[in-house]
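Below are the chains, spelled out letter by letter.
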Amino acid sequence: MDIDELRSDTPGCAKVAHLNNAGAALPPRPVIDAVAGHFELESLIGGYEAAERNEAPIARFYDAVARLLGARPDEIAFVENATRAWDMAFYAIPFADGDRILTTTSEYSSNAIAYQQVAAAKGAHVEVVPDEADGTLSLDALEAELAKGDVRLVSLNHIPTHNGLVNPAAEVGRLCREHGVLYLLDACQSVGQLAMDVNEIGCDILSATGRKYLRGPRGTGFLYVRHGILQTLVPPFLDLQAADWKAPDGFVMRDDAQRFETWERHVAGQIGLGVAADYAAGLGMAEIEDRVLGLAARLREELAARPGVTVLDKGARPSGIVTFTVEGRDPAAVKAAAREAGVNVNVTNPVSHGYDPHARPAAVRASVHYYNTDEELERLLSVLP
Ligand SMILES: Cc1ncc(COP(=O)(O)O)c(C=O)c1O
């Protein structure tokens with residue numbers, strides 16, 4: 001990877017040391033040009049006319065995302081963010097009284113709220129599977145719960161929002177297949193960060209966002225639904241993109257993943273997300289993963305050596321998300337000091353991960369991407385004790 005070249009392809013790198021990639025990463029020039037170019041075209045010739053002219057890059061989105069994940073283009077839907085993508089699939093699952101939903105302690109709170117809503121409405125039960133000592137989901141505990149029966153869904157995050165752990169997604173997939181149980185993976189923080197293949201992972205459904213490690217535009221996301229289960233899921237909302245109206249009073253749903261879409265959308269964003277997926281694939285996901293994990297490991301090592309700094313990340317091989325606290329300093333004050341020094345970090349707090357019994361009240365989150373440098377990490381360290 002030529003980091004200098006990649007940085008010069010990323011205008012934001014000249015402005016700031018951006019260590020908030022788990023929030024929203026800096027987009028590269030081709031993504032910026034694609035989004036701005038389409039919006040400009042809309043302004044000049046009209047939105048519908050621009051969509052007609054840019055039919056090919058709009059359609060490219062499906063191929064690009066499918067290629068990145070080892071999926072089929074007809075298994076991909078464009079959705080405005082990861083939460084709605086996840087929702088569209090989750091609320092399509094026909095839960096019944098007594099169904100069990102198994103999840104993890106590190107689950108994202110929006111997902112947890114949806115579990116509780118469905119539990120109250122349908123009589124399903126939400127159960128949080130215990131962790132291993134290293135904080136990742138315990139496979140033994142998951143297997144024991146699956147063996148008890150009545151599990152309708154295993155649903156977890158690949159990488160949580162609030163610490164660096166990476167859940168054993170493929171091992172979970174193997175267990176779900178053995179037990180014939182549906183598997184939904186929230187890959188919001190892992191797509192664009194880790195090399196991933198949906199067939200190796202074995203998930204039935206996967207949701208992700210555009211703006212984080214994929215470096216796409218905000219207001220974009222996508223859903224993957226395995227071809228074999230598409231027909232079993234009826235989306236909670238249907239419009240004339242998702243279904244065909246059959247006069248006088250009927251409709252037929254699409255038989256591909258676009259049944260989870262809406263007709264109106266951020267077209268420039270869809271084009272931009274396709275470009276972002278191609279950009280990541282062009283660099284190579286294995287190379288991206290190595291670089292991100294290497295930078296994060298270096299940062300953790302430096303942080304751990306600082307007096308009063310506690311690194312909070314769990315897992316045997318943590319991700320690009322580095323979380324820590326500084327004794328006697330509010331995480332918000334650390335964020336503000338970093339901003340003064342031209343470094344973007346974020347603060348995580350328990351509203352986003354309500355099930356986690358070990359989570360601190362708040363922590364600093366420095367999430368690195370491949371375009372970050374050692375000098376940028378040093379700049380963050382320079383504001384710490
Ligand atoms: C693990 C995880 N899941 C889901 C989401 C929600 O993504 P979005 O904001 O695109 O809906 C986030 C956002 O931070 C996340 O970290």
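Criteria and cut-off values
Residues numbered from 1 in each chain as written. Predicted model: local features only at pLDDT ≥ 70, side-chain atom pairs only at ≥ 80, totals over all residues. Heavy atoms only, no water. Phe/Tyr/Trp six-rings, centres within 6.5 Å; stacked < 30°, edge-to-face > 60°. Helix = DSSP H or I, 4+ residues; strand = E, 2+ residues; numbered from the N terminus. Buried < 20%, exposed > 50% of the residue type's maximum accessible area, 1.4 Å probe, protein only. Arc of directions from axis to C-beta. Contact = heavy atoms within 4.5 Å. Core = buried A, V, L, I, M, F, W, Y, C linked by side-chain atoms within 4.5 Å. Domains from an automatic or database assignment.

Caption draft 1: Here's a closer look at the packing of aromatic side chains. Across all of its chains, the model carries 9 aromatic pairs by this definition. Ring geometry for Y48 against W263: centres 5.6 Å apart, planes inclined by 65°, an arrangement best described as edge-to-face. Placement of the pair is Y48 in helix α3 (residues 47–53) and W263 in the loop between β10 (250–253) and α11 (267–283), with a sequence separation of 215 residues. Of the residues examined, W263 reaches a relative accessible area of 42% and is grouped as partly exposed. Each residue in the set W86, F90, Y91, F95 and Y115 is aromatic and connected to the rest through ring pairs, giving one cluster.

Caption draft 2: A look at helix α13 (residues 331–340). What α13 keeps buried is the set P331, V334 and A338. End-on view of α13: buried residues confined to an arc of 55°, all on one side of the axis. Contact partners of the buried residues in α13: β12 (321–326), β13 (343–344), β14 (346–348), β15 (363–367) and α14 (374–381). Backbone geometry just after α13 places G342 at a positive phi near 80°.

Caption draft 3: Local environment of the nonpolar core. In terms of nonpolar packing, the biggest core is built from 79 residues, with V154, Y183, V191, L206, F222, F324 and L380 touching the most fellow members. Ranked by residues supplied to this core, first place goes to helix α12 (residues 285–304) with 8 residues. When residues are assigned to domains, this core turns out to be shared by domain 1 (3–26 + 284–381) and domain 2 (33–282), each giving three or more. L380 has contacts with L19, L299, F324, A338, V343, V345 and A366, leaving out every residue within four places of it along the chain.

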